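What follows is each chain in one-letter form.
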Protein chains: 2
Amino acid sequence: MEQYATQMDAARRGIITAQLRSAAEKERMTAEELLPLVASGRAVICANKRHACLNAQAIGSMLRTKINVNLGVSRDCKDVGTEMQKAAAAVQLGADAIMDLSSHGDTQPFRRRLVAECPAIIGTVPVYDAVIHYQRDLDTLSARDFIDVVRLHAEDGVDFMTLHCGITRDTIARLRAQGRMMNIVSRGGSLIFAWMSMTGNENPFYEYYDEILDICREYDVVISLGDACRPGCLADASDACQIDELVKLGELTRRAWAKDVQVMVEGPGHMPLDQIAANMKIQQTLCGGAPFYVLGPLVTDIAPGYDHITAAIGGSIAAANGAAFLCYVTPAEHLALPSVEDVKQGIIASKIAAHAADIAKGVRGAREIDDKMAEARCRLDWQAQWKCALDPETAQAMRAARKPEHDDTCSMCGKFCAVRSMNKALAGEHIDIL
Amino acid sequence: MEQYATQMDAARRGIITAQLRSAAEKERMTAEELLPLVASGRAVICANKRHACLNAQAIGSMLRTKINVNLGVSRDCKDVGTEMQKAAAAVQLGADAIMDLSSHGDTQPFRRRLVAECPAIIGTVPVYDAVIHYQRDLDTLSARDFIDVVRLHAEDGVDFMTLHCGITRDTIARLRAQGRMMNIVSRGGSLIFAWMSMTGNENPFYEYYDEILDICREYDVVISLGDACRPGCLADASDACQIDELVKLGELTRRAWAKDVQVMVEGPGHMPLDQIAANMKIQQTLCGGAPFYVLGPLVTDIAPGYDHITAAIGGSIAAANGAAFLCYVTPAEHLALPSVEDVKQGIIASKIAAHAADIAKGVRGAREIDDKMAEARCRLDWQAQWKCALDPETAQAMRAARKPEHDDTCSMCGKFCAVRSMNKALAGEHIDIL
């Protein structure tokens, strides 16, 4: 009945799918403009055929920058209902994607409810789930066990999966020879490294990549090629381990495209500010323009408790230079499981980074809301300002908590308000300051 | 008795002052390295001859990026003792400079106590104070009144003063002809614009600039040339009003240097991320490398309540591209007078921006603390991590609030901790995840 295998296959055949049309509308593009980007792999539409309630969106460097929020059932938070509420709140706050990183108990019910009820793009990391799913220690798992979890997640309707296909036995040798201050900080990457070390086998996600591609083609799962060797501190940034893995991810990207499987590539990590633009450029050349999905980058290592800010700095520069998709970072990063408030702070900071980058990139219509805010500010129209604000409740509460003496100013400047003085001066009115 | 007029004059004569020596040590430079930078105006040492307790520091694009905190007695907070406590807390948190923006009552006692007791660089904006000092409406003040307040602040021992010398009657005409979405958002700039509009006179800070230079030379006050026309929204960024004023500020910089008066130049403002680097470059060419003191830049207009983050993004990019001095922005910007907690959040965000930029610029020793943090993280040594953290109390409290099951991990990843897995794998140990 279906005329195509994946969104990429459809685009290559010139078929405009419902998902492509819907995604294009959100970008203020015609379907005809978006189609060649999907056909060439420069944009992906994460849309598992089984995710019926999906509100389809495209991800690509020339499109609005998307943001991802990590959730999941854990030892500390086992209730599926609570996690579903967090997911709904995240979408409400502007999350485009939810990654389910569940790490405890039976993970399937939450994953299935997300696919059944959540309109956001859903992602998972099957290697986390393998240990939990089988309830067996890591070294007892077989390559087949890992592949079977990939199939299980595909069947459950997951739109994209992080698969650390680029870390191999070569990586173990290189990492030992080169030395790295923080070794591997990717959780999935460290699990595969540990499994390879204990079993002596090759990375199953690399060895059986063709089989994985067949699964992804069948369900139209986007592969998010994990960066096991992303730098975990400034000192490791842009080193041979990281760039060598990126070379491999570029090769794996092309192998996926040959089977019409859509691909994103994951990136750093901790990184000095001056290296970010170069990293974005190299990813584009090595990976043929496949969308870059970055965690951070965090521009300093010394701000635990504030890594939503270090990541917002790095993320805005990354996205302005071509990253397509930002993984949120919360204030609790490096310290603890994020609270509900941490999740909110992480989302807002990521939204700021993404939006600032979209303005810089000239994404269609991105700056309209800023111009509306400026107009409202110039009129000292507070109601109109709240309508433009990223988080109107917080902004309103701050103003309300410190009431100004005069309604046409705020307590920050009072009658020293520059906007008030200028409006009067330009109207030829007398200006009273005292 | 004194052998020199200002720090610039001393440097030009090859005299190594106590302040220069002290400032150089903090930069891990020899006095001989710093001296030519001060002589040429590319670095300034803000050190009023009457500020005896000053812990002298230099400001320049090649030096550690400094940050400023705004305080001051206001209608809502009239107690000098409370403001002094805030100043001490700000210095404790890492503020290099305190600007006293008092806007209520008798402003002299707080200003004098700051100079008598505070080791940070002290700055003021005399035009704010003029209205309050004379307790007369703006249009009744004479040019002489303004100049007298400059002299008063110099006598009181202020290290640098923001003087909006670049806004002139030409600016009124240009602004009216060109049109601007947010007109002028600089408080001082709007006061001068209003005064010029009401009196028909030229800007006294421009007209009597030579007299001001004589005062600044006498006490060694650094002039911070105010940017009255800094953009107040993205739409106004890098427009003719802003750049024309910068051209004038460059001319005024050279006139000051001719009298051995030290100068900083103030800059944007609200600005799309992709315009920041260009602005830093143009300031350096137009102003001969005089230190650039920026407010923000804020990379989007739509985040009231979070402008410490929008400013951290812009500030880090600005400083990495040559800005020398960042004015902090708090979460209350555009909304209300900042609370004590807002002040703290503003300082931390500015410190992150400045530090990230210093790493990117290769400022001597800047990254050492990050490398120490990475070593501590790799050892899972939490005590050592707190010693490297920008705000150890906040970080410790977050970890403590969500106790991990195992002491060698945190509640974020538990036994999935990549650092733990890698340490075991590299040591050839068995890795248990369940």
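Calculation notes
Residues numbered from 1 in each chain as written. Chains lettered and ligands numbered in written order. Predicted model: local features only at pLDDT ≥ 70, side-chain atom pairs only at ≥ 80, totals over all residues. Heavy atoms only, no water. Helix = DSSP H or I, 4+ residues; strand = E, 2+ residues; numbered from the N terminus. Buried < 20%, exposed > 50% of the residue type's maximum accessible area, 1.4 Å probe, protein only. Lys, Arg positive; Asp, Glu negative; His and termini not counted. Salt bridge = Lys/Arg side-chain N within 4 Å of Asp/Glu carboxyl O. Polar contact = N/O pair within 3.5 Å; in protein donor to acceptor, adjacent residues only side chain to side chain. Contact = heavy atoms within 4.5 Å. Axes fitted to C-alpha atoms, helices over the stretch in contact; angles between N-to-C directions. Parallel < 35°, antiparallel > 145°, perpendicular 65-115°, else oblique. Left-handed = near helix turned anticlockwise from the far one by under 90°. Pairing = 2+ DSSP bridges. Buried area = accessible area lost by both parts, 1.4 Å probe.

K.L.:
Before we move on, could you go through the side chain of A:Asp100 and cite the residues and values that matter?
P.N.:
Residue and element names in this part refer to chain A. Tracing the backbone shows Asp100 in strand β4 (residues 97–100). Despite its burial, Asp100 remains without a salt bridge, the nearest opposite charge being carried by Arg111 at 4.8 Å. Side-chain polar atoms of Asp100 contact the side chain of Ser102, separated by 2.6 Å. Apart from residues no more than four positions distant in its own chain, Asp100 is found in contact with Leu71, Gly72, Phe110, Arg111, Leu114, Gly123, Thr124 and Val125.

K.L.:
How would you explain the side chain of A:Asn183 if you had to name every residue and give the values?
P.N.:
Checked against the element boundaries, A:Asn183 lands in the loop between α8 (169–178) and α9 (187–199). Discounting residues that sit within four places of it in the chain, A:Asn183 has contacts with A:Leu175, A:Asp236, B:Cys378, B:Met422, B:Asn423 and B:Leu426.

K.L.:
So, unusual backbone geometry: which residues are in play, and what are the values?
P.N.:
Negative phi is the rule for most residues except glycine; trans is the rule for most peptide bonds. Geometrically, the link from A:Pro268 to A:Gly269 is a cis peptide bond, its omega value of 10° lying close to zero. Relative to the elements of secondary structure, A:Gly269 occurs in the loop between β8 (263–267) and α13 (276–286). One non-glycine residue, B:Asp220, adopts positive backbone phi at about 60°. Mapped onto the elements of the fold, B:Asp220 is located in the loop between α11 (209–219) and β7 (222–225).

K.L.:
Mind laying out the packing of α11(B) against helix α12 (residues 240–258) of chain B, listing which residues take part and the relevant values?
P.N.:
Residues and elements named next belong to chain B. Two elements in contact, α11 and α12, have axes separated by 10 Å at closest approach and are oriented at 50°. In terms of orientation, α11 and α12 fall into the oblique class. Classified by chirality, the crossing of α12 by α11 is right-handed. Across the interface between the two elements, Tyr209, Asp210 and Leu213 of α11 pack against Leu252, Thr253, Arg255 and Ala256 of α12.

K.L.:
Could you give an account of the pattern of salt bridges, naming the residues involved and the relevant values?
P.N.:
Taken as a whole and assessed by the stated rule, the structure comprises 60 salt bridges over all chains. One salt bridge in this structure joins B:Glu83 and B:Lys86, with 2.9 Å as the shortest N-O distance. Note that B:Glu83 and B:Lys86 are positioned in helix α4 (residues 80–93) at a spacing of three residues, about one turn of the helix. For B:Glu83, a relative accessible area of 1% translates into the label buried. In the salt-bridge network here, residues are joined through shared partners; they are A:Arg111, A:Arg112, A:Asp129 and A:Asp156.

K.L.:
So what about the sheet that holds strand β10 (residues 325–327) of chain B? Which residues, and what values?
P.N.:
Residue and element names in this part refer to chain B. Spatial ordering of the closed barrel is given by β3-β4-β5-β6-β7-β8-β9-β10, a layout of eight strands whose pairing is parallel. Taken over all neighbouring pairs, the strand axes of this sheet differ in orientation by 25° on average, direction set aside. Here strand β3 (residues 66–71) pairs with β10 via three bridges, running parallel. Bridge pairing links Lys66 to Phe325 in β10. Strands in contact with α12 are β7 and β8 (263–267); relative to β8, the strand with the most contacts, it is inclined by about 170°.

K.L.:
Would you mind going over the interface of chain A and chain B in detail, with residue names and values included?
P.N.:
Listed by partner, the interface residues are 108 residues for chain A and 108 residues for chain B. For the pair chain A and chain B, the summed buried surface comes to about 9,200 Å²; carbon and sulfur atoms form 70% of the total. For the chain A face of the interface with chain B, the top three residues by lost area are A:Ile302, A:Tyr306 and A:Phe416, together amounting to 9%. Across the pair A:Arg402 and B:Asp342 runs a salt bridge whose closest N-O atoms are separated by 2.8 Å. The tally of links from chain A across to chain B stands at 20 residue pairs in polar contact (both at pLDDT 80 or more).

What is shown is where atoms sit, not what they do.
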